[in-house]
Amino acid sequence: MTAHLIGLIGAGIGSSLSPALHEREAQHHGLRYLYKILDISELGVDAAAAGDLVRTARRVGYTGLNITHPCKQTVIEHLDELSPDAARLGAVNTVTFDGDRAIGHNTDWTGFAESFARGLPDAATRRVVQVGAGGAGAAVAHALLTMGADQVTLVDTRTARADALAAQLTRHFGPGRARSAPVADLAASLRHADGLVNATPIGMSGHPGSPVPADLLRPDLWVADVVYRPLRTELLEQARAAGCRTLDGGGMVVFQAAHAFRLFTGLTPDTDRMLAHLSALVAA
């Protein structure tokens, strides 16, 4: 029986459902598959230590790693190679090992794109406002523009980060497709937007609240959240109350996990089964 040892590197990830999601799917493929949490908060180190964890994991025989907040960008300088997608996005959420080489991939953007196509298939994307320009934000903005959004406006409390991502996206997708805006202009940016995406940790367990005031939400605005724990974030609850169409983070986490599972094992997972697993895990 083939064996795989997988790890997840990030901060405050003790409640992550990724281990169970991967391990349940692996059982259906007859794999010995152990998925370990490597929480930098519990280890008492910061995001810069991601490189040391990657090197240690490679030495002790891990098949691969998933990378989450706040290490998706800090890990890059410690890798030997990046997939074209990861290089273009400047963010890594999956690492595979090939001998002594550590290779970074990004399955976040394809995960969001597949989730959006299923959950909001006919949603208008002329103008989209995205809150958050970190590692997840880079992937989501890339997905939106790849799917045909005319313009994505990036809002982040770290203005320089939003500026840098907007410039990066403009280089790849062309002038006018991405712009940054200060937090103070969020209301003005949303006034003419078709949709809103939360790509920050705000709303997840340990980071309560909403990144957007409820009075800025209106019925003709669709609202998506990348947070999946909980699935019903404060932002999505407020959006539903305002009459908005919504998309939770469950689809993104399942599809990015499925794509990572394929990279780790070479096998094709059953995404419908994984969605059912997630529903059961969340309910439990």
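Structure: see above.
The sections below set out a description of the structure shown in this document. (Residues numbered from 1 in each chain as written. Predicted model: local features only at pLDDT ≥ 70, side-chain atom pairs only at ≥ 80, totals over all residues. Heavy atoms only, no water.)

1. Considering the sheet that holds strand 10 (residues 195-198)
No. 1: Taken in spatial order, the six strands of this open sheet run 9-8-7-10-11-12, and their pairing is parallel. Of all the strands in the sheet, the pair left with one neighbour each is strand 9 (178-181) and strand 12 (246-247).
No. 2: Bridge count between strand 7 (residues 127-131) and strand 8 (residues 151-155): five bridges; the pairing is parallel. Looking at strand 8, one finds that Val131 is bridged to Val155.
No. 3: On the sheet, helix 6 (residues 135-146) packs against strand 7, strand 8, strand 9, strand 10 and strand 11 (222-225) and is oriented at approximately 170 degrees with respect to strand 7. (Pairing = 2+ DSSP bridges. Helix = DSSP H or I, 4+ residues; strand = E, 2+ residues; numbered from the N terminus. Contact = heavy atoms within 4.5 Å. Axes fitted to C-alpha atoms, helices over the stretch in contact; angles between N-to-C directions.)

2. Brief notes about helix 1 (residues 18-28)
No. 1: Taken together, the buried positions of helix 1 are occupied by Ser18, Pro19, Leu21, His22, Glu25 and Ala26.
No. 2: Elements that come into contact with the buried residues of helix 1 comprise strand 1 (3-10), strand 2 (32-39), strand 3 (64-67), helix 10 (250-265) and helix 11 (271-283).
No. 3: Of the residues trailing helix 1, Gly30 is marked for its positive phi of about 70 degrees. (Buried < 20%, exposed > 50% of the residue type's maximum accessible area, 1.4 Å probe, protein only.)

3. With respect to the sheet that holds strand 6 (residues 101-105)
No. 1: Taken in spatial order, the six strands of this open sheet run 2-1-3-5-6-4, and their pairing is mixed. Strand pairing shows two members of the sheet lacking a second neighbour, strand 2 and strand 4 (81-82), which therefore form its edges.
No. 2: Inspection of the sheet shows strand 5 (residues 94-98) paired to strand 6 by five bridges, in the antiparallel sense. Directly across from Phe97, in strand 6, lies its bridge partner Ala102.
No. 3: Docked against the sheet, helix 1 engages strand 1, strand 2 and strand 3, running at close to 170 degrees with respect to strand 2.
No. 4: This element, helix 3 (residues 50-60), spans strand 1, strand 3, strand 5 and strand 6 of the sheet and lies at about 40 degrees to strand 5.

4. Observations regarding the pairing of strand 8
No. 1: Burial within strand 8 is extensive, with four of its five residues counted as buried.
No. 2: With helix 6 bridging strand 7 and its parallel neighbour strand 8, the resulting β-α-β unit is right-handed.
No. 3: One ladder, built from four bridges, connects strand 8 with strand 9; its direction is parallel. Looking across to strand 9, one finds that Thr153 is bridged to Arg179.
No. 4: Read from strand 8 through helix 7 (residues 159-173) to strand 9, the crossover connection turns out right-handed. (Right-handed = clockwise from strand over helix to strand, strands pointing away.)

Function cannot be inferred from these measures alone, as they are strictly geometric.
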